[in-house]
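Results of the structural survey
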Amino acid sequence: MIPLRPNIAAMKGYVPGYQPPDIASWIKLNTNENPYPPSPEVVKAILEELGPDGAGLRIYPSASSQKLREVAGELYGFDPSWIIMANGSDEVLNNLIRAFAAEGEEVGYVNPSYSYYGTLAEVQGAVVRTFGLTDDFRIAGFPERYEGKIFFLTTPNAPLGPSFPLDYIDELARRCAGMLVLDETYAEFAESSALELVRKHENVVVTRTLSKSYSLAGMRLGLAIARPEVIAALDKIRDHYNLDRLAQAACIAALKDQAYFADCCRRICETREWFTHELRGIGYNVIPSQGNFVFAAPPDRHGKRVYEGLYARKILVRLLSDPLLAHGLRISIGTRGEMERTLAAITEIG
Ligand SMILES: *Cc1c(COP(=O)(O)O)cnc(C)c1O
């Protein structure tokens, strides 16, 4: 027997969405990736960083990713001291738990949302507590004073789609004795963001990612925005070279090409609205979404049946393991063409 920590031995580990090896033969709508390529400026910047013979890779990258903090700071309207860059927002979620929740202390989040928070908390040996949602999309049974060390709120919520209203998030920030982390992975597809609450409450952190809205899931780029004291703590914890040179070059180029970014987001939101309308037309229940995905349930509320029908037609969507969500599917928004083919397949499956 190897001397594993008991919490590691006991945990199951996170199961990410399936990445098929023969990816080109699928319509892949299961992990909320962006169907469009990243900005052409990103490709140019990566090639330039690499250099003709790859010599750019010989030297360590900037440890602080300072230039990226400046570009992101300008974009979001914050001093760079309020920003930390991460190797995917998953990295900063992990470091937030390491900074604020010791072994045996509580970490909370909404179920359903992103179950990876729970996995990260289990690694830390923290206690996980989840809260359900009410019919009017509020957190069920959230205490007047929540004493957990961190509460993660995914807004817009994934896998369901709606955002929480700003005044409600503001109230949650006041009710949290610990940190309130707003996971705004999908904010760029939404009508509103809670970013301004970072200035108002010292316990609020907002996380963003370039994985979805900037088409850079494969580069691993995320960030957090919070008070400088929080950022300084996270800087002590992270791997010192957490972003490689190519990722840093890609990030700067992507954030600077706002015109390309805005056009991709607009197209995805238009397709989302069209697809929602069409699915409803064939009797599906579709929750209004502020993300680049929809949660949709067929009339017979048998998600697995439709999942399997789509799978047989090489269309991959997400069937979530939570029994609460077995009645539906989370379907990422692809190109208009991909969604037309998906709709035709769903209609055929019946
Ligand atoms: C995709 C996703 C993440 C992870 O983003 P990365 O930046 O790719 O690590 C975090 N939170 C939610 C809710 C997500 O859907």
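This text gives an overview of the structure that appears in the document. (Residues numbered from 1 in each chain as written. Predicted model: local features only at pLDDT ≥ 70, side-chain atom pairs only at ≥ 80, totals over all residues. Heavy atoms only, no water.)

**Concerning the packing of aromatic side chains**
What the rule picks out here adds up to 21 aromatic pairs. Between Phe-142 and Phe-151, the ring centres sit 4.9 Å apart and the planes meet at 65°, which makes this aromatic pair edge-to-face. For the residue pair Phe-142 and Phe-151, the accessibility class agrees, reading buried in each case. Grouped by ring-pair contacts, the aromatic residues Tyr-14, Tyr-109, Tyr-114, Tyr-116, Tyr-117 and Phe-152 constitute a single cluster. Positioned over the ring face of Tyr-36 is Arg-267, at 4.1 Å from the centre of the ring. (Phe/Tyr/Trp six-rings, centres within 6.5 Å; stacked < 30°, edge-to-face > 60°. Buried < 20%, exposed > 50% of the residue type's maximum accessible area, 1.4 Å probe, protein only. Lys NZ or Arg CZ within 6 Å of the ring centre and 35° of its normal.)

**Things to note about the sheet that holds strand β5 (residues 150–154)**
Strand order in this open sheet of 7 strands is β2-β8-β7-β6-β5-β3-β4, and the pairing throughout is mixed. In the strand order of this sheet, the two ends are held by β2 (83–86) and β4 (127–131), each with one partner. On average, each strand axis in the sheet is inclined to that of its neighbour by 20°, with strand direction left out of account. Of the strand pairs in this sheet, β2 and strand β8 (residues 222–225) are connected by 4 bridges, and their pairing is antiparallel. By the bridge assignment for β8, Ile-84 is matched with Ala-224. Helix α4 (residues 89–100) contacts β2, β5, β6 (179–183), β7 (204–209) and β8 of the sheet and is inclined by roughly 155° relative to β7. On the sheet, helix α8 (residues 228–237) packs against β2, β6, β7 and β8 and is oriented at approximately 30° with respect to β2. (Pairing = 2+ DSSP bridges. Helix = DSSP H or I, 4+ residues; strand = E, 2+ residues; numbered from the N terminus. Axes fitted to C-alpha atoms, helices over the stretch in contact; angles between N-to-C directions. Contact = heavy atoms within 4.5 Å.)

**Topic: unusual backbone geometry**
Between Thr-155 and the following residue, Pro-156, the backbone shows a cis peptide bond with an omega angle of -5°. Tracing the chain through its elements places Pro-156 in the loop between β5 and α6 (166–175). A cis geometry characterises the amide bond from Ala-158 onward to Pro-159, with omega recorded as 10°. Looking at the element boundaries, Pro-159 is found in the loop between β5 and α6. Of note in this structure, Asn-32 is not a glycine but carries a positive phi near 55°. Structurally, Asn-32 is set in the loop between β1 (27–28) and α2 (40–50). Residue classification places Asn-32 among the buried positions, given a relative accessible area of 0%. With phi around 55°, Arg-301 is a residue other than glycine that occupies positive phi space. Position of Arg-301 among the secondary structure elements: in the loop between β10 (293–297) and α11 (303–312).

**Digging into the packing of α4 against helix α5 (residues 116–124)**
Relative orientation of the contacting elements α4 and α5 amounts to 45°, with a least axis distance of 10 Å. Viewed along their axes, α4 and α5 adopt a mutual orientation that is oblique. As for how α4 packs across α5, the hand of that crossing is right-handed. For the pair α4 and α5, contact is made by Asp-90, Leu-93, Asn-94, Ile-97 and Arg-98 and by Tyr-116, Tyr-117, Leu-120, Ala-121 and Gln-124, respectively. Among the residues making up the contact of α4 with α5, the classes are represented as 6 nonpolar, 2 polar and 2 charged. (Parallel < 35°, antiparallel > 145°, perpendicular 65-115°, else oblique. Left-handed = near helix turned anticlockwise from the far one by under 90°. Nonpolar A, V, L, I, M, F, W, Y, C, P; charged D, E, K, R; others polar.)

**What to know about the layout of surface pockets**
To locate leftover empty space, one rolls a probe as large as a water molecule over the atoms. Put simply, the largest pocket is a space of about 1,400 Å³. Surrounding the largest pocket, 49 residues form its lining, Tyr-14, Val-15, Tyr-114, Ser-115 and Arg-318 being those nearest its centre. Listing elements by their share of the lining of the largest pocket, those giving two or more residues are α4, α5 and β4. A breakdown of the residues in the lining of the largest pocket according to their chemical character gives 20 nonpolar, 19 polar and 10 charged. Approximately 310 Å³ is the volume attributed to the second largest pocket. Lining the second largest pocket are 16 residues, and of these Leu-133, Thr-134, Leu-160, Ile-287 and His-327 sit closest to its centre. A per-class count over the lining of the second largest pocket returns 10 nonpolar, 4 polar and 2 charged. Of the domains in this structure, domain 1 (6–30 + 259–349) and domain 2 (40–257) are the two that each give at least three residues to the lining of the second largest pocket. (1 Å grid on protein atoms, 1.4 Å probe; cavity = no way out; pocket = protein on both sides within 12 Å on 5 of 7 lines; lining within 4 Å. Points joined across faces, edges and corners; volume = space filled by probe spheres on them. Domains from an automatic or database assignment.)

**A look at the site of the ligand**
Contacts to the ligand come from Gly-88, Ser-89, Asp-90, Tyr-114, Thr-154, Asp-183, Thr-185, Tyr-186, Thr-209, Ser-211, Lys-212 and Arg-220. In the model, an oxygen atom of the ligand is placed 2.6 Å from a nitrogen or oxygen of the Tyr-186 side chain. Thr-209 places a side-chain nitrogen or oxygen 2.5 Å from an oxygen atom of the ligand. Taken by itself the ligand offers 380 Å² of open surface, and the protein chains cover 91% of this. Judged by the proximity of its atoms to the pocket grid, the ligand belongs to the largest pocket. Here the residues of the shell around the ligand sort into 2 nonpolar, 6 polar and 4 charged. (Near = heavy atom within 4 Å. Polar contact = N/O pair within 3.5 Å; in protein donor to acceptor, adjacent residues only side chain to side chain. Areas by Shrake-Rupley, 256 points an atom, 1.4 Å probe, with all protein chains shown as cover. Sits in = over half its atoms within 2 Å of the grid points.)

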